[in-house]
Amino acid sequence: MEDEYEFLFNKYCEKIRGNDKTIQLIIIKSCGYKFILHISKKATLKELYKLICNELDNFKTISLYTSNNNSNKVPCDTSLLINYIKNNNLRPIYNIPNPAVYRFYLDDINT
């Protein structure tokens, strides 16, 4: 059974690293806590907000930003996340050959 788990887990990790179907994000809270998320390239910004709330067991209002000084707020709407990344010229935080990973800043203090 453990061999099956290891095999499936390794395949899952390879799929994520391949970046063919998911977007990898590092989310940073204002307190400095960080976590990584994987989300479908077909996901909307609203789905991203929901995923973050689920990850944190926080169902209050949150705000996401593309910079750490709480400027460039990310809207919570039905726009596709991948289009938002492209239209706002967001760049991966790591260089090739590393996987494309994007950074977003989370404000949940005022909630």
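Structure shown above.
These remarks concern the structure in this document.

Section: the pattern of salt bridges
Part 1 of the reasoning: Inspection of the entire model under this criterion finds one salt bridge.
Part 2 of the reasoning: Two residues, Lys-29 and Asp-108, come together in a salt bridge whose shortest N-O distance is 3.2 Å. Taken as a pair, Lys-29 in strand β1 (residues 22–29) and Asp-108 in the segment after β5 (101–107) lie far apart in primary sequence, 79 residues in all.
Part 3 of the reasoning: The class for Lys-29 is buried, based on a relative accessible area of 19%.

Some words on the state of the cysteines
Part 1 of the reasoning: Counted according to the given criterion, the structure contains zero disulfides.
Part 2 of the reasoning: Here Cys-53 stays free of any disulfide, with the sulfur of Cys-76 as its closest cysteine sulfur at 8.1 Å.
Part 3 of the reasoning: On the accessibility criterion, Cys-53 (11% relative accessible area) is buried.

Here we look at the side chain of Ser-67
Part 1 of the reasoning: Mapped onto the fold, Ser-67 is located in the loop between β3 (63–65) and β4 (73–74).
Part 2 of the reasoning: What makes Ser-67 buried here is its relative accessible area of 16%.
Part 3 of the reasoning: Within the structure, the side chain of Ser-67 is placed 2.7 Å from the side chain of Ser-71, a separation counted as a polar contact.
Part 4 of the reasoning: Not counting the four nearest positions on each side in its chain, Ser-67 is found in contact with Asn-72 and Tyr-105.

Quick notes on the rules
Residues numbered from 1 in each chain as written. Predicted model: local features only at pLDDT ≥ 70, side-chain atom pairs only at ≥ 80, totals over all residues. Heavy atoms only, no water. Salt bridge = Lys/Arg side-chain N within 4 Å of Asp/Glu carboxyl O. Helix = DSSP H or I, 4+ residues; strand = E, 2+ residues; numbered from the N terminus. Buried < 20%, exposed > 50% of the residue type's maximum accessible area, 1.4 Å probe, protein only. Disulfide = S-S within 2.5 Å. Polar contact = N/O pair within 3.5 Å; in protein donor to acceptor, adjacent residues only side chain to side chain. Contact = heavy atoms within 4.5 Å.

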